[in-house]
Amino acid sequence: MPSHKIIIDTDPGQDDAIAILLALASEEIDLLGIVTVAGNVPLALTSRNALMLCELAKKPETKVFAGCSRPLVRPLVTAEHVHGKTGLDGANLPEPTITLQKQHGVDWTIETLLAAEDNSVTICCLAPLTNVAMAMVKAPEILPKIKNIVLMGGGFFEGGNITPTSEFNVYVDPHAANTVMKCGRPLVIMPLDVTHKALMQRKWLDALKALGTPVGDATYGMLSFYERFDVEKYGSSGGPLHDPTVIAYLLQPELFEGRQVNVEVEIHSELTMGMTVVDWWKVTDRAPNATYINQINADGFFALILERFSSL
Ligand code: RIB
Ligand code: CA
């Protein structure tokens, strides 16, 4: 019996792909639908990639909706330098044969939440928060329906990955991130402070390949491409697997540790635009609004993914 009804908001993206496959491989998850957004690559490509991943997982019945094609206020910034031209370089997957749902992703999110029980749906955000913020602004009556929002975004002790201060998902749409941070619903944040402790090791990648399945081959290929950027940039032993921490948190929260703190987003200064300002030491009277995760059992995290992928 699934214990989590979720909506995934995503911009696949190789790390998004692992998160989506992990959700599709886990019976604890009732995936109501996937909503794509412009982020790593433009919307047409994030949508194409999401469809391809549902077919790779042999879940063609999964509903995929296209959401917003650009941030609320600022021009779109994409990350082909990390993810490649297609956003899923290295996966070597065929074009999708399944198609997008007709409804706009924001409208479907609103309709789905309004039809749900109070406190019943988890929104898993793996991308710029444009869709989620747009839904909240268009239909604030959805808020009581949201059980919690688990999002990959931000960074504080670790700094930023797209500017010196700011992480990509929050930087691309800081106004949307600001709206979500202030929405009043329970937030769990997976920032760079934890995802940079989830570095892929070659042994683990080889174990994906050793699965000898289409999922193993595709994920080995896409992650081997994806990790090169961070390994070169940080000189680290492997690339960080950001987005799957969101799904892993639902499956095994004991893998993570964090603190209830106040998190706000810079939306005025161009120098620090999109910075997540985390009152970790409680030096202000700003009320805590998020569980800010900064520790992970990385071995357990990677073992979970490998175990679930062996069933796909
Ligand atoms: O900063 C990492 C985040 O930005 C991840 O969600 C990655 O997929 C990109 O969207
Ligand atoms: Ca992402």
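Residues numbered from 1 in each chain as written. Chains lettered and ligands numbered in written order. Predicted model: local features only at pLDDT ≥ 70, side-chain atom pairs only at ≥ 80, totals over all residues. Heavy atoms only, no water.

The chain is annotated in an unreviewed UniProt entry as Inosine/uridine-preferring nucleoside hydrolase domain-containing protein from marine metagenome.

Engineer: If you had to explain the packing of helix α1 (residues 14-24) against helix α12 (residues 298-309) to someone new, which residues and values would you point to?
Structural biologist: One can describe the packing of α1 onto α12 by two numbers: an axis separation of 9 Å at closest approach and a directional angle of 60°. Taken together, the axis directions place α1 and α12 in an arrangement best described as oblique. The crossing of α1 and α12 is left-handed. Between α1 and α12, the contacting residues are I18, L21 and L22 on the first element and L304, I305, R308 and F309 on the second. Partitioned by chemical class, the residues of the contact of α1 with α12 number 6 nonpolar, no polar and 1 charged. (Axes fitted to C-alpha atoms, helices over the stretch in contact; angles between N-to-C directions. Helix = DSSP H or I, 4+ residues; strand = E, 2+ residues; numbered from the N terminus. Parallel < 35°, antiparallel > 145°, perpendicular 65-115°, else oblique. Left-handed = near helix turned anticlockwise from the far one by under 90°. Contact = heavy atoms within 4.5 Å. Nonpolar A, V, L, I, M, F, W, Y, C, P; charged D, E, K, R; others polar.)

Engineer: Run through empty space enclosed by the protein, naming residues and quoting values.
Structural biologist: Scanning the model with the defined rule gives 1 cavity of 30 Å³ or more in all. Looking at the largest cavity, its volume works out to about 250 Å³. For the largest cavity, the lining is made up of 22 residues, of which N40, H83, N161, F168 and H242 are closest to its centre. Elements represented by at least two residues in the lining of the largest cavity include exactly α1, α3 (80-83), α6 (168-172) and α10 (214-234). Element by element, the count of residues in the lining of the largest cavity is highest for α10, at 4 residues. Classifying every residue of the lining of the largest cavity gives 9 nonpolar, 6 polar and 7 charged. (1 Å grid on protein atoms, 1.4 Å probe; cavity = no way out; pocket = protein on both sides within 12 Å on 5 of 7 lines; lining within 4 Å. Points joined across faces, edges and corners; volume = space filled by probe spheres on them.)

Engineer: Tell me about the state of the cysteines, and please be specific about residues and values.
Structural biologist: Here a disulfide denotes one covalent bond, and it connects the sulfur atoms of two cysteines. Within the structure shown, the criterion is met by 0 disulfides. In this structure C54 is not part of a disulfide, and its nearest cysteine sulfur, from C124, lies 14 Å away. For C54, a relative accessible area of 0% gives the class buried. C125 takes part in no disulfide bond, and the closest cysteine sulfur to it belongs to C124, at a distance of 7.4 Å. With relative accessibility at 1%, the residue C125 sits in the buried group. (Disulfide = S-S within 2.5 Å. Buried < 20%, exposed > 50% of the residue type's maximum accessible area, 1.4 Å probe, protein only.)

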